[in-house]
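Chains, contacts and geometry: an overview
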Amino acid sequence: MNQIAERYVKLVLALGRHDADYVDAYYGPPEWKQEAGRASVPLDELGQRGRALLDAIGKVPVPAVELDRLRRTYLERQLSAVGARIRMLTGERLTFDEESKALYDAVAPTLPESHFQSILDQLEKAFPGSGPLAARYDQFRSRFVIPRAKVDGVFKAAIQGCRERTLAHVRLPESEQFTIEYVTDKSWSGYNWYQGNFRSLIQVNTDLPIYVDRAVDLACHEGYPGHHVYNALLEKHLVRDRGWIEFSVYPLFSPQSLIAEGTANYGIEVAFPGPARVAFEKAVVFPAAGLDASQAGEYYRVQGLVDGLAYAGNEAARRYLNGQIDRAAAAAWLQRFALMPKDRAEQRVRFFDQYRSYVINYNLGKDLVRRFVEARAGATASEARRWEEFEKLLSSPRLPSTLQ
Ligand SMILES: [Zn+2]
């Protein structure tokens with residue numbers, strides 16, 4: 001297995017030469033990266049290497065120990081996703097659902113417009129008046145923008161709160177740390193670049209106004225107990241303790257991303273269950289942003305309704321990437337059914353161009369992770385029990401299709 005794992009890492013690094021977004025993180029031996037950087041191996045040749053590795057892993061006897069068994073199935077499925085990405089780069093056309101199955105080991109449900117319309121109808125009641133609902137919602141939200149000069153202070157306060165809550169339940173390597181940077185001109189709103197050695201670089205995009213809910217959402221998602229913690233735990237438990245080198249590379253277009261995004265989004269609820277979120281917003285985030293804390297309850301009541309529109313982005317992406325609608329229609333769909341302002345909808349379509357069916361990893365990923373953790377811990381589990389199952393998932397090689 002270790003030999004196959006090493007060849008898998010080198011294959012992923014070599015594929016990174018053809019696809020700039022592919023290698024999201026790598027902290028294995030530096031000479032392997034240098035080696036991949038020296039020569040560009042043609043895609044056909046990489047495809048052959050991938051198939052040879054799949055053959056080799058098929059011949060490895062299924063181990064008796066559960067964690068070893070998970071390792072084998074995980075690597076097999078990651079390799080099959082590498083193969084799919086190579087075929088896409090050589091021109092193979094997949095439908096949205098075929099692509100998400102091949103790359104992320106999952107297919108998002110197809111929801112009719114009526115599903116979203118019923119949520120919009122409830123929101124209509126929250127914002128009575130004339131004109132498009134999106135404009136009324138936007139006007140409401142404009143009262144909850146973090147002033148640019150306060151963004152850094154608000155994020156630092158949010159990260160500290162998320163970190164404290166995580167450390168109360170999860171043991172992290174002592175040297176873990178992160179740096180935060182503010183960037184522009186990106187198709188995403190936040191990004192965690194894991195550097196190895198338990199360090200992350202967290203980037204926050206300031207192209208568009210940052211609403212107050214993004215502080216805790218991004219602090220949890222990119223930091224604690226999201227991507228930073230997930231990567232640090234994989235490095236500690238799998239790469240360092242066991243020598244499973246395949247986890248030192250993170251190919252973005254692979255099943256690992258559904259687990260990464262799903263745990264990062266569900267982690268927000270784990271860190272701030274039920275009323276804890278609004279309490280923290282009132283006590284820490286709103287004051288740091290200079291916003292009226294007495295409005296926090298109302299803001300999160302509305303956000304709770306808007307969260308029901310989370311899958312609307314999948315529908316826009318599916319239609320757009322399947323060629324049923326053009327980019328203007330995709331942006332219009334997002335404005336109508338996801339209640340996004342025009343500039344944010346256009347940013348999101350740029351995200352579809354760059355990351356394609358990756359969009360399902362956020363919402364479907366979150367729901368699959370929630371179902372998995374709650375099935376194991378029990379829906380009415382104590383906070384500690386929920387953290388325990390959540391940490392186990394963060395520290396082990398699970399596949400999306402085995403979460404169900
Ligand atoms: Zn993420």
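Above this text is the structure in question.
My aim in this report is to walk through the structure given alongside it, one point at a time. A quick note: this is a predicted structure, and the numbers were derived from the prediction, not measured. (Residues numbered from 1 in each chain as written. Predicted model: local features only at pLDDT ≥ 70, side-chain atom pairs only at ≥ 80, totals over all residues. Heavy atoms only, no water.)

Moving on, we come to the environment of R319. Relative to the elements of secondary structure, R319 occurs in helix 14 (residues 312–321). Considering only alpha carbons, one finds R319 and W333, 14 residues apart in sequence, at a separation of 9.9 Å. With residues up to four places along the chain from it excluded, the contact list for R319 reads E113, Q324, I325 and W333. Polar side-chain contacts of R319 include one of 3.5 Å to the side chain of E113. (Helix = DSSP H or I, 4+ residues; strand = E, 2+ residues; numbered from the N terminus. Contact = heavy atoms within 4.5 Å. Polar contact = N/O pair within 3.5 Å; in protein donor to acceptor, adjacent residues only side chain to side chain.)

Right, let's talk about the packing of aromatic side chains for a bit. Within a pair of aromatic rings, the relevant descriptors are the distance that separates the centres and the angle that separates the planes. Taken as a whole and judged by the stated rule, the model has 27 aromatic pairs. Taking the centre distance of 5.0 Å and the plane angle of 55° together, the rings of F127 and F140 count as tilted. Of this pair, F127 sits in the loop between helix 6 (113–126) and helix 7 (133–141) while F140 sits in helix 7, placing them 13 residues apart in sequence. Residues F127 and F140 agree in their burial class; the two are buried. It is K10 that lies over the ring of W32; its NZ or CZ is 4.9 Å from the centre. Between the NZ or CZ atom of R141 and the centre of the ring of Y211, over which it lies, the distance is 3.8 Å. (Phe/Tyr/Trp six-rings, centres within 6.5 Å; stacked < 30°, edge-to-face > 60°. Buried < 20%, exposed > 50% of the residue type's maximum accessible area, 1.4 Å probe, protein only. Lys NZ or Arg CZ within 6 Å of the ring centre and 35° of its normal.)

A few words now on the packing of helix 1 (residues 2–15) against helix 2 (residues 30–38). Packing of helix 1 against helix 2 leaves a shortest axis separation of 9 Å and a crossing angle of 45°. The angle between the axes of helix 1 and helix 2 places the two elements in the oblique class. The hand of the helix 1/helix 2 crossing is right-handed. Together, E6, V9, K10, L13 and A14 of helix 1 and W32, K33, E35 and A36 of helix 2 make up the contact between the two elements. Of the residues that constitute the contact of helix 1 with helix 2, the class distribution is five nonpolar, no polar and four charged. (Axes fitted to C-alpha atoms, helices over the stretch in contact; angles between N-to-C directions. Parallel < 35°, antiparallel > 145°, perpendicular 65-115°, else oblique. Left-handed = near helix turned anticlockwise from the far one by under 90°. Nonpolar A, V, L, I, M, F, W, Y, C, P; charged D, E, K, R; others polar.)

Let us look at the coordination of the zinc ion. Those protein atoms acting as donors to the zinc ion are H221 (NE2), H227 (NE2) and E261 (OE), and they sit at 2.1 Å. Site description for the zinc ion: donor spacing in sequence, H-x5-H-x33-E. Note that H227 is positioned in helix 10 (residues 227–240) and E261 in helix 11 (residues 255–271), a separation of 34 residues in sequence. (Donors = N, O, S within 2.8 Å, 3.2 Å for Na, K, Ca; no water.)

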